[in-house]
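Each chain, letter by letter, is given below.
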Amino acid sequence: MLTARYLLRALRFCSSAPCPQHKPSAKLSVRDALGAQNLSGERVKVQGWIHSVRSQKEVLFLHVNDGSSLESLQVVADSSFDSRELAFGSSVEVQGQLVKSPSRRQNVELKAEKIEVIGNCDAKPSSKIKLPEENFFNVPAFLTVSGQLHLEVMSGAFTQVFTFGPTFRAENSQTRRHLAEFYMVEAEISFVKSLQDLMQVMEELFKATTVMVLSNCPEDVELCHKFIAPGQKCNCISYTEAVEILKQASQNFTFTPEWGIDLQTEHEKYLLKHCGNIPVFIINYPLALKPFYMRDNGDGPQHTVAAVDLLVPGVGELFGGSLREERYHVLEQRLARSGLKEVYQWYLDLRRFGSVPHGGFGMGFERYLQCILGVENIKDVIPFPRFTHSCLL
């Protein structure tokens, strides 16, 4: 019988290796740039959206904000940088030197050496969709299954956002892992260009939260905790690699593993055992299995999207996330093929106004409690479980 301290040891072993970890660049938020004290001319990178543009004969002034500060950062550039793409609302990445400003209005400014427009902002107004007036809201209204699409709106102004609240799934399942109503932590992050960057945030959230719980509430965890095995470093494997592992397994599965078929609970259990019973990332799922908003990898003939799941022992899937499709025409085509373009025109329009590469994820809170406490049934970690044919309270 292993105790909570072994979980802490296992987490220290847990890593998304062998996926490469990028070294952090000299990237600053606008808030940190404005508060910088050491102005030694170090080169930095700032990402955000243009709030104003002022062009003079030899100098170009931009005010850039990423939502981290009420005050914008002034960017000073040579007039040769001037472009029609540098417009209000466009998303940019600016590299240069942070220097003391001669103006009394601000202490520092960014002397630009390179300005890259990440997403143009289309100033033309979009057409409005007319919906019939009915019910309480005058439009059809439903229980939410996720706050993700709305978080994407917010991430276009505040760069890093999250929400924590109830979500609902009409899934006819009576398993120990499913509820009709559960709580979920969801996050969206702008300027994320790779799955590895997103996975690093997911792993750090999982580790930091668990270490804090184990450090501050060891008795409570010990009371419930049953089993989790420490093990070797966990691999980050692709969906294709996972299917090959399952095909080579000596175990007989109820659901035969095939490429293009979703992974079942029995498959997740085997993959975790194969990886030493510690958390494992599975990345790059078939496009046909995932929603329209996940970024197309463009890797035919096995067409995949930049999706990632984090599997943990005793639970299976704990996190699910992806890079989002920020390319207007690619997203437009996928919505059209699904017959969803009219309904999600507002979501498509986000790609017209300073769109940036971005990604996000969700973590089921009750499943996390199952993992940290070793509770087998998800109905035992929520006060009023609601599931198929049961909504008494």
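Residues numbered from 1 in each chain as written. Predicted model: local features only at pLDDT ≥ 70, side-chain atom pairs only at ≥ 80, totals over all residues. Heavy atoms only, no water.

A. Local environment of the side chain of Gln-106. Looking at the element boundaries, Gln-106 is found in the loop between strand S4 (91-100) and strand S5 (108-119). Of note is the side chain of Gln-106, whose polar atom sits 2.9 Å from the side chain of Ser-101. One polar contact links Gln-106 to Ser-103, side chain to side chain, over a distance of 3.4 Å. Among all residues touching Gln-106, those that are not within four sequence positions of it are Glu-71, Gln-74 and Ser-101. (Helix = DSSP H or I, 4+ residues; strand = E, 2+ residues; numbered from the N terminus. Polar contact = N/O pair within 3.5 Å; in protein donor to acceptor, adjacent residues only side chain to side chain. Contact = heavy atoms within 4.5 Å.)

B. The pattern of salt bridges, seen in detail. For the structure shown, the criterion picks out 12 salt bridges. The partner of Arg-324 in a salt bridge is Glu-188, and the shortest N-O contact between them spans 2.5 Å. Of this pair, Arg-324 sits in the loop between strand S11 (316-323) and helix H8 (328-338) while Glu-188 sits in strand S7 (residues 181-190), placing them 136 residues apart in sequence. An identical accessibility class is assigned to Arg-324 and Glu-188; each is buried. A single network of salt bridges, built from pairs that share partners, joins Asp-122, Asp-349 and Arg-352. (Salt bridge = Lys/Arg side-chain N within 4 Å of Asp/Glu carboxyl O. Buried < 20%, exposed > 50% of the residue type's maximum accessible area, 1.4 Å probe, protein only.)

C. Quick look at the sheet that holds strand S8 (residues 236-238). Spatially, seven strands are ordered S6-S7-S12-S11-S10-S9-S8 in an open sheet, and the strand pairing comes out mixed. Pairing within the sheet leaves two strands with one partner each, and these edge strands are strand S6 (160-168) and S8. This sheet shows a mean twist of 20 degrees between the axes of neighbouring strands, independent of strand direction. Where strand S10 (residues 304-312) lies against S11, six bridges are found, and the strand directions are antiparallel. Across the sheet, residue Leu-310 finds its bridge partner in S11, namely Phe-319. Set on the sheet, helix H10 (residues 365-373) makes contact with S6, S7, S10, S11 and strand S12 (358-364); between it and S12 the angle comes to about 60 degrees. (Pairing = 2+ DSSP bridges. Axes fitted to C-alpha atoms, helices over the stretch in contact; angles between N-to-C directions.)

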